[in-house]
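Here is what each chain is made of, one letter per residue.
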Amino acid sequence: MSESIIVSGSTKKEKYESLLPQIKALVKGETDSIANLSNIIAALKFGMDYFWVGIYFVKQSSGNKYELVLGPFQGPVACTRIAYGKGVCGKSWETKQTIIVEDVDKFPGHIACSSLSKSEIVLPAFDKDGEVKLILDIDSEHLASFDETDKIYLEKVIKIIENI
Ligand code: SME
């Protein structure tokens, strides 16, 4: 494993192309999923210079109730629990879709963990039965930071996450 992530390129596409093999190398040979997720989150945060990057796990809270619970993240402290269908994360879990939010103030029910967050992208990762097992949430301090390029490359990161 290299000691640091060095992202080259000027366009977003070039940066992701540079980062992806480094993320694959980071998790190679390590079997602990929390260790691997933590390093992937750090690589995305510092490689791409996002404001906040983190995981929410789908966890059983009581009885048949499931919630999203905060996992490894980099950035300011965040909300610990999110209900099914609530906020962008809960909506991504419910719809099983990647959601891009150009302006968080215009997303009905958006949960503001930090007032500095202006746009976000949220992606679900699935278990072997096709159920959502976790959510990857990335926030930016700028409006409309995320587009189809982020979706394409971050869904590749999700494939790595699904296999660790
Ligand atoms: N904004 C998210 C909540 C998580 S924080 O952004 C870290 C949402 O609406 O689900």
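For the structure itself, look to the data block above.
Read on for a plain summary of the structure. Please read all numbers here as calculations on a predicted model, not as lab measurements.

### Considerations on the packing of aromatic side chains
- Summed over all chains, the structure comprises five aromatic pairs.
- Aromatic side chains Tyr-16 and Tyr-153 sit 5.3 Å apart centroid to centroid with 5 degrees between the ring planes, which places their arrangement in the stacked category. In this pair, Tyr-16 sits in helix H1 (residues 12-27) while Tyr-153 sits in helix H4 (residues 148-162), placing the two residues 137 residues apart along the sequence.
- The buried category is assigned to Tyr-16, whose relative accessible area is 1%.
- Geometrically, the ring pair formed by Tyr-84 and Trp-93 is edge-to-face, given 4.8 Å between the ring centres and 90 degrees between the ring planes.

### What to know about empty space enclosed by the protein
- Counted according to the given criterion, the structure contains one cavity of 30 Å³ or more.
- Considering the residues around the largest cavity, the lining is formed by 19 residues, among which Ile-111, Cys-113, Glu-120, Asp-137 and Asp-139 are closest to the centre.
- Secondary-structure elements contributing two or more residues to the lining of the largest cavity are strand S1 (52-62), helix H3 (87-95) and strand S6 (132-140).
- For the lining of the largest cavity, the element with the most residues is H3, which contributes three residues.
- In terms of residue class, the lining of the largest cavity is built from 12 nonpolar, four polar and three charged.

Rules used throughout
Residues numbered from 1 in each chain as written. Predicted model: local features only at pLDDT ≥ 70, side-chain atom pairs only at ≥ 80, totals over all residues. Heavy atoms only, no water. Phe/Tyr/Trp six-rings, centres within 6.5 Å; stacked < 30°, edge-to-face > 60°. Helix = DSSP H or I, 4+ residues; strand = E, 2+ residues; numbered from the N terminus. Buried < 20%, exposed > 50% of the residue type's maximum accessible area, 1.4 Å probe, protein only. 1 Å grid on protein atoms, 1.4 Å probe; cavity = no way out; pocket = protein on both sides within 12 Å on 5 of 7 lines; lining within 4 Å. Points joined across faces, edges and corners; volume = space filled by probe spheres on them. Nonpolar A, V, L, I, M, F, W, Y, C, P; charged D, E, K, R; others polar.

Don't take any of this as a statement about function, it's just geometry.
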